[in-house]
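The lines below spell out each chain.
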Amino acid sequence: MTDSAAEDYRLLHAAAYMAMFCVGLYAAAFGPSLPFIADDLGVSLGTVGLILTALFVGSISASALVAVKLHGRDTRALCVAGLACATTGLLLIAFAPSWPVALAGCVILGTGDGLMVAATHIMMPLTSDDAASGINHINLAFAFGATCGPIWAGAVLATSGERWIVYSGIACVTLAALVLTAIADATVHHPIAAPDEDFRLPGNPTAWIMGGVLFLYVGAEFGLGSWVSSYTRETAHAGVFVSALLAAAYWAALALGRIVSGVYFSRRGDASRLLIAAIAGGGIAALVLSLSSGNIAIAGASVFCAGLCFGPIWPATIAIVTEAAASDATAATVTIGNAGGLAIPWLQGKVLVGAGPSQGVAVTAALCGLMFVVVAAFRVRRSSDTSRP
């Protein structure tokens, strides 16, 4: 890589970091905002969780489109298109006069989300001297945005109660990211695209098993992050801003968990051992949280521990797939995993409203239990396979 090219890529990387910051910002802001959106648009708290489903519908559709039809396209153009969709979707959510319009806004936001995530994850390895470091940096940018999102939403909603301020403010950030990406685009004079190869489903069973783990994990991670604010408001009678701070602590702890996993892998630690330990820790923390009704101190500690334990699950799962399968298996595994966000967070909200907040959080513990069983069986099977002559 020449010095001039490196200079160009630094600006492009800054734009990628800002785009992923935006993804974390709006994704985590939904947690404190869901009750206010429900009140504004005249739907129940159980129904408003469909906003999360709409977000994932758009995101998975867009990322699948990139994998199947748009491979080989310039990732800079995909990122610009994603930021434009995200800005449009956020403004629709901010000013939606009715529930169907808000849902449509979330689908458009999700479409932008899928384009941005796919584009940045293709772009960074192709333009970085250290591909793993590049991916880690954009994941940390997401985590930083996810920490800021609940704080912003909680501060605005606690003082004004106006969702339009929350989402129009975030739209201003995505618009700034769009401008920066367009400027960075002008500094790079050649396309940056993945090889134009057809998408194939993986044939390795490890990719499917780990896809199932990620399916449960995405539902557990995003579900807890989306509903923990409502849980603490209903059980501990915490204020809007305090509940939002707990959500921010969850996402900050998850980022810390990702950093810890990076250190672990730099020392050549076993991925499956880290995975099963993280799942067990997350499940115990979620169970303690579900039993902590009324105690804000225990709830806060449990939320932080859950986020810390959840942090290594994604990178550990991807590491297992990378070790055992071809490179095209990772994209399919991630797609399977992201499908967990289609229904699980919404169903968790239905349980929280219908059966009670403790039962709603217990859904996270149950999902961790299922993941633990799958990974334990995978480890036993892999040990028996390696022990055969």
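Scroll up to find the structure.
Because the structure is a prediction, the values reported are computed rather than measured.

1. Let's talk about the nonpolar core
Here is step 1: Membership of the largest hydrophobic core comes to 107 residues, with the highest contact counts inside it found for Tyr26, Phe30, Val48 and Phe310.
Here is step 2: The greatest single-element share of this core, amounting to 20 residues, is contributed by helix α1 (residues 3-41).
Here is step 3: Those residues in contact with Tyr26 that lie beyond four places of it in its chain are Leu55, Leu90, Leu109, Asp113, Met116 and Ile170.

2. Structural notes on helix α9 (residues 240-266)
Here is step 1: With 27 residues, α9 extends 40 Å from end C-alpha to end C-alpha; this agrees with the ideal 39 Å at 1.5 Å per step.
Here is step 2: At the C-terminal side of α9, Arg268 shows a positive phi close to 65 degrees.

3. Re the pattern of salt bridges
Here is step 1: Counted by the stated rule, this structure contains three salt bridges.
Here is step 2: Here Glu221 ties to Arg258 by a salt bridge, and the two come within 3.5 Å at their closest N and O atoms. With a gap of 37 residues between them, Glu221 in helix α8 (residues 205-235) and Arg258 in helix α9 connect regions that are remote in the sequence.
Here is step 3: One salt bridge in this structure joins Asp270 and Arg379, with 3.6 Å as the shortest N-O distance. You can see Asp270 sitting in the loop between α9 and α10 (271-290) and its partner Arg379 sitting in helix α15 (residues 357-387), a full 109 residues away along the chain.
Here is step 4: The class for Asp270 is partly exposed, based on a relative accessible area of 31%.

4. As for the packing of aromatic side chains
Two descriptors summarise a pair of aromatic rings, namely the distance from one centre to the other and the angle between the planes of the rings.
Here is step 1: The tally for this structure, following the rule as stated, stands at nine aromatic pairs.
Here is step 2: Look at Phe142 and Trp251: their rings are 6.3 Å apart centre to centre, the planes differ by 85 degrees, and that puts the pair in the edge-to-face class. Here Phe142, found in helix α6 (residues 131-159), pairs with Trp251, found in helix α9; they are 109 residues apart in sequence, far enough to count as distant. In this structure, Phe142 and Trp251 share a single accessibility class: buried.
Here is step 3: Each ring, one from Tyr217 and one from Phe310, has its centre 5.8 Å from the other, and the planes form 90 degrees; the classification is edge-to-face. Of the two residues, Tyr217 sits in helix α8 while Phe310 sits in helix α11 (residues 296-310), which places them 93 residues apart along the sequence. Considered together, Tyr217 and Phe310 belong to a single accessibility category, that of buried residues.

Calculation notes
- Residues numbered from 1 in each chain as written.
- Predicted model: local features only at pLDDT ≥ 70, side-chain atom pairs only at ≥ 80, totals over all residues.
- Heavy atoms only, no water.
- Core = buried A, V, L, I, M, F, W, Y, C linked by side-chain atoms within 4.5 Å.
- Buried < 20%, exposed > 50% of the residue type's maximum accessible area, 1.4 Å probe, protein only.
- Helix = DSSP H or I, 4+ residues; strand = E, 2+ residues; numbered from the N terminus.
- Contact = heavy atoms within 4.5 Å.
- Expected span 1.5 Å × (residues − 1).
- Salt bridge = Lys/Arg side-chain N within 4 Å of Asp/Glu carboxyl O.
- Phe/Tyr/Trp six-rings, centres within 6.5 Å; stacked < 30°, edge-to-face > 60°.

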